[in-house]
Amino acid sequence: MYDSVTKFIDSSLDESIETLKSLCRIPSVAAKNEGLDDAAMMVEEMMKKAGLETEIHPTTGASVVTGWLDVGAKRTLLFYDHYDVQPAEPFDLWHSPPFEPELRDGRLYGRGVADNKGNTALRLWTLRAFRETGTDLPVNIKFVVEGEEEIGSVHLPEYTEKNTDFITADGGIWEFGGAGIHGKQEAWLGLKGIFFVELGVERLSRDVHSSNACILPSAASRLIWALNSLKDEASQVLIEGFYDGIKPLTKTEIEAIKKIDMREEKFKKVYGIEEYLNGLTNDKLKEAYYGSPTCNICGLTSGYQGKGSMTVLPAKASCKIDFRLVEGMHPDDIHKKLRKHLDEHGFTDVKITYFEGYPAAKTPIDHPFVKVIERANQRIFGDLVIHPTSPGSGPLYLFNKYVPMVSIGCGDYESKAHSPNESIVIENFRKSMHRIVAVIDEMSKW
Ligand SMILES: [Zn+2]
């Protein structure tokens, strides 16, 4: 099926890679608010060349680019991608310039090639292959491409909340994915939520000589005592009601994760640990990985940390904490519980700054669209490893009520997303286009 389309994909591979390279040359770093309009315009252009109708939706942040093609088919396939990338720092660790993509030994290196410009480019090129070969699409197509994924999709709700009709579809493909450490393709059916805060304490109008520590309060100590009250040594979160309402993993999900090989021993070496938290192993380790919320200190700051000694009593202390949320938890609720917890423990002086928050979302593992993806993957790559959720976070909750989403893509275990020397395997890029053709075909038969 669709031989002319797949032949076009293979014969035009160099051209599709050139398009990806051009997109990656735009340093669309959302954190620095750079290059976003240029990248949005290029994505719109790529959509037009793929035969889609397009619209650029301004938000108070970066624009959302949408594309669609209604062929009057029974099923509609939606894609969610983003045209922004992570900053490329530290530049000196790159073997080739991050914004000048380079092919070496079958891999393409550059910021964004894996996360997520490679997927954006290959998905659009696949549709272009249908158009160029005059092949009728058997499903309707929709694309939502935003420009702030890497900074928490802050303004995406401005678009999604007003356009629920557009984001309604029979199935959707989320932005990331690829081959795991064992080389097998993996699909992710969900994403955890997040609640990201800064806790700050300010107890003095300025830093003072540390000899005053016998008569003046210490912001650093206050912060540490407050943090100490949040979690015990077994990493159990002590905020009252923190675990209330959590939906546990279903039986089918627990069965599915039993099949996943987490390479426990290998990663112990990678991380330099003797054992995992609380001695977790096997199924319990997996259940914690996929099904547990977290309370993690990302960074701590106070006083002097330079060379040698400097005896100072710092006026301020702060730390950043991310809570990964699982289904049944809501960031606003955790925010209230955290405030109440701090107040009740005497830490009314600890200020909470709320940066980012959204709930978790998942597509049920037995949804027919998951089977469509499995069958399509089987035709191109073979067996598919299914993760009920990713341990990471993303704004899936904005879509999930309107479209079941599955995350598959052209990355792999060595892709180094968010790090220097980000890369993809060209062969995965090519085969991922074939897989999109197979998804379209399988979806039309559903
Ligand atoms: Zn990313």
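All of these numbers come straight from a predicted model, not from anything done at the bench.

As for the sheet that holds strand E20 (residues 423-425)
- Read across the open sheet, the 3 strands follow the order E4-E5-E20; overall the sheet is antiparallel. This sheet does not close on itself; its edge strands, each paired only once, are strand E4 (102-104) and E20. Across this sheet, the average inter-strand angle for adjacent strands is 25°, counted without regard to direction.
- Looking at chain direction, strand E5 (residues 107-109) and E20 are connected through 3 bridges and run antiparallel. Bridge pairing links Arg-107 to Val-425 in E20.
- Against the sheet, helix H13 (residues 426-445) engages E5 and E20, with an angle of about 65° to E20.

Here's the deal with the pairing of strand E6 (residues 140-146)
- The element E6 is extensively covered by neighbouring structure, given that 6 of its 7 residues are classed as buried.
- Inspection of the sheet shows strand E2 (residues 64-69) paired to E6 by 5 bridges, in the antiparallel sense. Paired with Thr-66 across the two strands is Val-144, which belongs to E6.
- Pairing geometry for strand E3 (residues 76-82) and E6, over 7 bridges, is parallel. Looking across to E6, one finds that Phe-79 is bridged to Phe-143.

Quick word on the environment of Glu-327
- Counting through the fold element by element, Glu-327 comes out in the loop between strand E14 (316-325) and helix H10 (331-344).
- A C-alpha to C-alpha distance of 32 Å links Glu-327 and Ala-317, two positions 10 residues apart in sequence.
- Each residue touching Glu-327, except ones within four places of it in the same chain, is listed here: Lys-247, Ala-360 and Lys-362.

Section: the domain arrangement of the chain
- With domains assigned, the chain is organised as domain 1 (3-189 + 363-445) and domain 2 (193-246 + 293-358).
- Look at where the C-alpha atoms of domain 1 and domain 2 centre, and you get two points 37 Å apart.
- At the interface, 5 residues of domain 1 touch 5 residues of domain 2.
- Each residue belonging to the side of domain 1 that touches domain 2 can be placed in one class, and the counts come to 3 nonpolar, 2 polar and no charged.

Looking at the environment of Pro-404
- As for its position among the elements, Pro-404 is in the loop between helix H12 (397-400) and strand E19 (405-407).
- Along the chain, Pro-404 and Thr-120 lie 284 residues apart, while their C-alpha atoms are 19 Å from each other.
- If sequence neighbours within four positions are ignored, Pro-404 has contacts with Gly-171, Gly-172, Thr-363, His-367 and Phe-369.

Calculation rules
Residues numbered from 1 in each chain as written. Predicted model: local features only at pLDDT ≥ 70, side-chain atom pairs only at ≥ 80, totals over all residues. Pairing = 2+ DSSP bridges. Helix = DSSP H or I, 4+ residues; strand = E, 2+ residues; numbered from the N terminus. Axes fitted to C-alpha atoms, helices over the stretch in contact; angles between N-to-C directions. Contact = placed C-beta atoms within 7 Å. Buried ≥ 20, exposed ≤ 12 C-beta atoms within 10 Å, placed from the backbone. Domains from an automatic or database assignment. Nonpolar A, V, L, I, M, F, W, Y, C, P; charged D, E, K, R; others polar.

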